[in-house]
2 protein chains.
Amino acid sequence: MKAIAIDLGGTNIKAAVVDQDLGIIEQSSTPTHAELGKDHLLDRIAGVIMELSKKEGVVGIGMGLPGMVSIDQTTVYYPPNLPSLDGVNAAEEITKRTKLPCRIENDANIAALGSLHFGVGKNYSHFIMLTLGTGVGGGIIINKELFKGSRGMAGELGHIILDYHGPLSNSVTRGTIEAYLGQRFLSRFAMDMITQHPNNPLYQKFSKDFDKLEPVDLTQAANTGNDLAIEILEKAGQRLGYAIINYTHMMDIRTYVLSGGVAKAGEWLFGPARDIVKKHMMPPFQEGFEIVYEDLGNDSSLLGAAGLAFDSFS
Amino acid sequence: MKAIAIDLGGTNIKAAVVDQDLGIIEQSSTPTHAELGKDHLLDRIAGVIMELSKKEGVVGIGMGLPGMVSIDQTTVYYPPNLPSLDGVNAAEEITKRTKLPCRIENDANIAALGSLHFGVGKNYSHFIMLTLGTGVGGGIIINKELFKGSRGMAGELGHIILDYHGPLSNSVTRGTIEAYLGQRFLSRFAMDMITQHPNNPLYQKFSKDFDKLEPVDLTQAANTGNDLAIEILEKAGQRLGYAIINYTHMMDIRTYVLSGGVAKAGEWLFGPARDIVKKHMMPPFQEGFEIVYEDLGNDSSLLGAAGLAFDSFS
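Quick summary incoming for the structure in this document. Since the structure is predicted, the reported quantities are computational estimates derived from the model, not experimental observations. (Residues numbered from 1 in each chain as written. Chains lettered and ligands numbered in written order. Predicted model: local features only at pLDDT ≥ 70, side-chain atom pairs only at ≥ 80, totals over all residues. Heavy atoms only, no water.)

All names here are of chain A. Pairing is mixed in the open sheet, where five strands are placed in the order 3-2-1-4-7. What marks the edges here is a single partner per strand, and that holds for strand 3 (23–31) and strand 7 (102–106). Pairs of neighbouring strands in the sheet enclose a mean axial angle of 20°, with direction left out of account. Across eight bridges, strand 2 (residues 12–19) lies against strand 3 in antiparallel orientation. Across the sheet, residue V17 finds its bridge partner in strand 3, namely E26. Sitting on the sheet, helix 1 (residues 38–52) is in contact with strand 1 (2–8), strand 2, strand 3 and strand 4 (58–65), with an inclination near 30° to strand 2. The strands touched by helix 3 (residues 107–118) within the sheet are strand 1, strand 2, strand 3, strand 4 and strand 7, with strand 7 carrying the most contacts at an inclination of about 110°. (Pairing = 2+ DSSP bridges. Helix = DSSP H or I, 4+ residues; strand = E, 2+ residues; numbered from the N terminus. Axes fitted to C-alpha atoms, helices over the stretch in contact; angles between N-to-C directions. Contact = heavy atoms within 4.5 Å.)

Encoded structure:
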């Protein structure tokens, strides 16, 4: 069984033919040119698909994109960088042009479907995928299916409050996990800590240009035994722990699949998160609790989009 | 259609025959005597049922009780005040004794089922019931069904963190909504505020014995224009608003059904909650958001237990 996978971003349209067993077997990329408007964009996506779809056994199209997606996985709302698609039934428009069935889903949920079909998520019936990148996003899998809530927008996991008088992130909501673990916010927090320790090697390396400081630098420093880096990642990990407690008390899901650049810190982050969970999560929820790292690399969006098509059309 | 409803508490076993259209048509109550052990307790419950079940058209038994209940609604774990039932398949034991099918569910979820079958919840396919009483509990209804998560314990809504360095409530989790809106915690917070205002009528009324201060006293004072009472309820309402934001960003459910003693404060609480939601909940989730008050009175547990039986056996 194969599917056409599309990863629609503000800059590029990535496309692939994905085989359920073999993974990606053909791939292409073309500029999005969102500024040329809705019809041009849909024609462009359809054109990319038509070039790929000459393979046998293609069941349909799955497309990941930014924004909120309707519960029937056809229509997108508030897509950042793709304003011309707001309120458009993109699935129907693409089917019209390609004669192939199509479903769409937002990037964060697509990542969860990628793990479910091609990653560590294969081993679980229920898990929460948390992507710690520039922003913090996630998707909820229950009984091997994506949980969409009442209207399709469930799982805004980056916007769960941990401290209602805490800092703002990219949202109107204060003190969310994104405001602590989103890459930019974590770097800013690190900068505040580092400026207080002028003798630390991190100060000497980054004080001239703190914009260059990335979470990976903290991980590398922690690996060499830098106490300050360990402390910064520990604080971040503790906040991850509080977020996990909120998700678990709400959904009773015990498996957390972590991915994204910040998650590369691994045990420096997950260890302190586990300690907080052990201490502050209600005892009945502790059984079976685990944090697992996932790295499907750059192809994760295409793999997840293919998973959406397999779930919808097979 | 009728069901046998049981409300099993640490003190009393309440029982009723409930008609789907007419509500409660017969009712009884007997002491629990949990200290006499598991078999005595199960025999006692069965005895109460056998006295009631001679009505025609009884489809089965629904029982509400404190504790965590398995996803198949048969077995209870960690039941406070009923330790002899821990890990017992109570549904099976009762069926053995009565020859009637039986399902059990925890009190908070039972309240949601009561609203779904006999209260304002009838008007909604998706809602979250929040009971603001001694503790804060809740239940989640999606597509007219109780949401139980992966293992049955979902919806511990009183234990959702709003401020991870906040106060403890009855749980190991800090800064939860229960630690702000649970009756005892709200009264304590009110006491702290009132002691700073010795000229306020509330000080004059309660300073000799603050244990007498109940949320209803705050509501009454607010109704007479007491600014301090209004301020106390406003702060509580704001925290309710932050909790609702967390529930909504997670589940995408837009209707909140509020009940319990503290919820009797009504608009003094709901108004500030709505203001916070308007300001800090992500815009796409605002559409259709509402808070509704529910008061099924003392019978709500029996009505909910009957709803469980109707859902399970009709």
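This paragraph deals with the interface of chain B and chain A. Opposite the 49 residues of chain B that make contact, chain A presents 49 residues. Summed over both partners, the interface of chain B with chain A buries about 4,100 Å², with 63% contributed by carbon and sulfur atoms. Viewed at the interface, chain A and chain B are joined by 28 residue pairs in polar contact (both at pLDDT 80 or more). Contributions of two or more residues to the side of chain B that touches chain A are made by strand 9 (136–142), helix 8 (227–251) and helix 9 (267–280) of chain B. (Buried area = accessible area lost by both parts, 1.4 Å probe. Polar contact = N/O pair within 3.5 Å; in protein donor to acceptor, adjacent residues only side chain to side chain.)

Now for the sheet that holds strand 9 of chain B. All names here are of chain B. Sheet architecture is open: five strands sit in the order 10-9-8-11-12, paired in mixed fashion. Two strands bound the open sheet, and with one partner strand each, they are strand 10 (145–146) and strand 12 (290–293). As paired elements, strand 8 (residues 127–132) and strand 11 (residues 255–259) share four bridges and run parallel to each other. Across the sheet, T131 pairs through a bridge with S259, a residue of strand 11. The strands touched by helix 9 within the sheet are strand 8, strand 11 and strand 12, with strand 12 carrying the most contacts at an inclination of about 170°.

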